[in-house]
Amino acid sequence: MDIFMASTASREAAALVQRLQARGHVVHSCRSRHEPNDVSCAALRGIECPLDAQPVDVAVGVGPEPGVDRLGDGEVCAIRRQIPLILFDRPDDPLGRWAAALAPAHQALEVIDQVNTAILPDHTAEARRTVRDWLRRHELDETAVDVEVRRRHGALLVELWVDERITERDAEGLGVYLAQCVRRFDPWAKGIDVSVHDATGLINN
C-alpha cells in the first residue's frame with residue numbers, strides 16, 4: 001500500500017514509518033529528508049507533490065499535532081483530494097472532523113488496513129445518488145442496483161451490482177455514466193475502474 005505522511009520528522013512519526021515499511025508499505029512525505037528545515041511543501045520547493053505523483057490510498061498523521069508551521073499542510077491537501085486521512089494520537093486536532101478515523105498509534109496498522117478496505121462514504125453516496133437518478137429516469141425500482149466505491153492504488157474501484165430487471169446493455173451504459181459522474185466528483189483520482197456484477201457474476205470490468 002502507498003501511504004502518505006505529510007511529515008515523518010517527529011519521533012512518533014518515524015517509529016510509525018518503520019512499522020509500516022516492515023509490513024511492506026511504501027511511505028511518501030512532503031518534507032525533504034535531506035533538508036529537514038526547508039519549506040515543508042514539496043510543490044513550493046519546486047518538486048512534484050507526492051499526492052500528484054504517487055498512487056496514494058490513505059494519508060496518515062501521528063501526534064503530536066503539528067505546530068504553527070503548517071505551510072502547504074499536506075494533510076489538508078490530502079483531504080481536499082478526498083484521500084482518507086487517519087489521525088493517530090491527535091484527538092483534538094481540528095482536522096479530526098474530516099478524518100476517516102481517529103485512533104491511538106498502537107492500533108495504527110490495524111486501523112490503516114480497515115480504512116483501506118472500507119468503502120469511501122462520500123464517493124459511495126455520490127454514486128448512489130447518480131444511480132437513483134438513472135433508475136428514476138428509466139422508471140426502474142431503486143432496489144434494482146447497488147454500488148460501492150473504494151480506493152485502490154490511487155484510483156477508484158466502483159463496484160456495481162444489478163439484478164434481472166437491468167439488461168446487460170443498460171448495465172454497461174450505467175457503468176460508463178457512473179464513471180463519468182464519479183470523475184466529476186473526484187477529479188484527482190489516478191483512474192476509475194467500474195466492475196458490473198449480476199446474479200451470475202462479473203459482467204464486465
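A brief look at the structure comes next.

Cut-offs applied
- Residues numbered from 1 in each chain as written.
- Predicted model: local features only at pLDDT ≥ 70, side-chain atom pairs only at ≥ 80, totals over all residues.
- Heavy atoms only, no water.
- Helix = DSSP H or I, 4+ residues; strand = E, 2+ residues; numbered from the N terminus.
- Expected span 1.5 Å × (residues − 1).
- Buried < 20%, exposed > 50% of the residue type's maximum accessible area, 1.4 Å probe, protein only.
- Arc of directions from axis to C-beta.
- Contact = heavy atoms within 4.5 Å.
- Salt bridge = Lys/Arg side-chain N within 4 Å of Asp/Glu carboxyl O.
- Pairing = 2+ DSSP bridges.
- Right-handed = clockwise from strand over helix to strand, strands pointing away.
- Core = buried A, V, L, I, M, F, W, Y, C linked by side-chain atoms within 4.5 Å.

Before going further, it helps to examine helix H5 (residues 121–137). The terminal C-alpha atoms of H5, which comprises 17 residues, lie 24 Å apart, in line with the 24 Å expected from a rise of 1.5 Å per residue. Turning to H5, its buried residues number three or more, namely His-123, Thr-124, Ala-127, Thr-130, Val-131, Trp-134 and Leu-135. Seen from one end, H5 has its buried residues packed into an arc of 135 degrees, which puts them on one side. In this structure, H5 carries Pro-121, Asp-122 and Arg-137 as exposed residues pointing more than 90 degrees from its buried face. In this fold, the buried residues of H5 make contact with strand E6 (145–152), strand E7 (155–162) and helix H6 (168–185).

Once that is clear, we can look at the pattern of salt bridges. Overall, the coordinates contain 11 salt bridges when judged by the stated rule. One salt bridge connects Arg-90 with Glu-75, and the closest N-O pair in it is separated by 2.5 Å. Highlighted residues: Arg-90 in the loop between strand E4 (85–88) and strand E5 (101–103) and Glu-75 in helix H3 (residues 74–80), separated in sequence by 15 residues. We note a salt bridge from Glu-142 to Arg-136, for which the minimum N-O separation is 2.9 Å. The exposure class assigned to Arg-136 is partly exposed, which follows from its relative accessible area of 48%. Three or more residues joined by partner-sharing salt bridges are found here, namely Glu-75, Arg-90 and Asp-93.

Another aspect to go through is the pairing of strand E8 (residues 192–198). Relative to E8, E7 is paired through 6 bridges, and the arrangement is parallel. Pairing of Trp-161 across the sheet is with His-197, part of E8. Where the polypeptide runs from E7 across H6 and back to E8, its parallel neighbour, the crossover connection is right-handed.

Glancing now at the nonpolar core. Within the largest apolar cluster, 22 residues are counted, with the highest numbers of intra-cluster contacts made by Val-145, Leu-160, Ile-166 and Leu-178. For this core, the elements supplying multiple residues, two or more each, are H5, E6, E7, H6 and E8. Looking at which element gives the most residues to this core, the answer is H6, with 5 residues. Leave out the neighbours within four places in its chain, and Ile-166 touches Trp-134, Leu-135, Leu-140, Ala-144, Val-145 and Ala-171.

Turning to helix H4 (residues 108–117), its buried residues number three or more, namely Ala-108, Leu-109, Val-111, Ile-112, Val-115 and Asn-116. Along the long axis of H4, the arc covered by the buried residues comes to 165 degrees, so they all point the same way. The elements touched by buried residues of H4 are strand E1 (2–5), helix H1 (11–22), strand E3 (58–62), E4, E5 and E6.

Any functional reading would require information that these geometric values do not contain.
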